[in-house]
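# A structural walkthrough
Letter by letter, the chains look like this.
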Amino acid sequence: MSARPVMRTRYHWRCECGAHSRGGFLIQSDAKYAADRHVWSKYKDKGHPTPEVHTTEEPRPY
């Protein structure tokens, strides 16, 4: 009998322009900050859409 894997929530961001986070974040505010940096660094004052933060449930590695 095998035990179910322990799951953990990971936070990611994605943008309408097609950009997205390359890895997950353990803290939601870290994902939000990375999404904000995407807009600040490349699209300042150009009306770029705001990226959204979403979650996934991934097995916790041991």
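In this report, we go over the structure that sits alongside the text. (Residues numbered from 1 in each chain as written. Predicted model: local features only at pLDDT ≥ 70, side-chain atom pairs only at ≥ 80, totals over all residues. Heavy atoms only, no water.)

### Brief notes about the overall build of the protein chain
Check the secondary structure of the protein chain and you find one helix and two strands. Against the compact-globule benchmark of 11 Å for 62 residues, the protein chain has a radius of gyration of 15 Å, which places it well outside the compact range. Over its C-alpha atoms, taken along the principal directions, the protein chain stretches across nearly 55 × 20 × 15 Å. Contacts in the protein chain between residues far apart in sequence, at least 24 positions, make up 52% of those at least 6 positions apart. Carbon together with sulfur atoms contributes 50% to the accessible area of the protein chain, which is approximately 5,100 Å² in total. The protein chain carries 11 positive and 7 negative side-chain charges, and their two centres are separated by 6 Å. (Helix = DSSP H or I, 4+ residues; strand = E, 2+ residues; numbered from the N terminus. Rg over C-alpha atoms; globule rule 2.2 N^0.38 Å. Contact = heavy atoms within 4.5 Å. Areas by Shrake-Rupley, 256 points an atom, 1.4 Å probe, with all protein chains shown as cover. Lys, Arg positive; Asp, Glu negative; His and termini not counted. Charge placed at Lys NZ, Arg CZ, Asp CG, Glu CD.)

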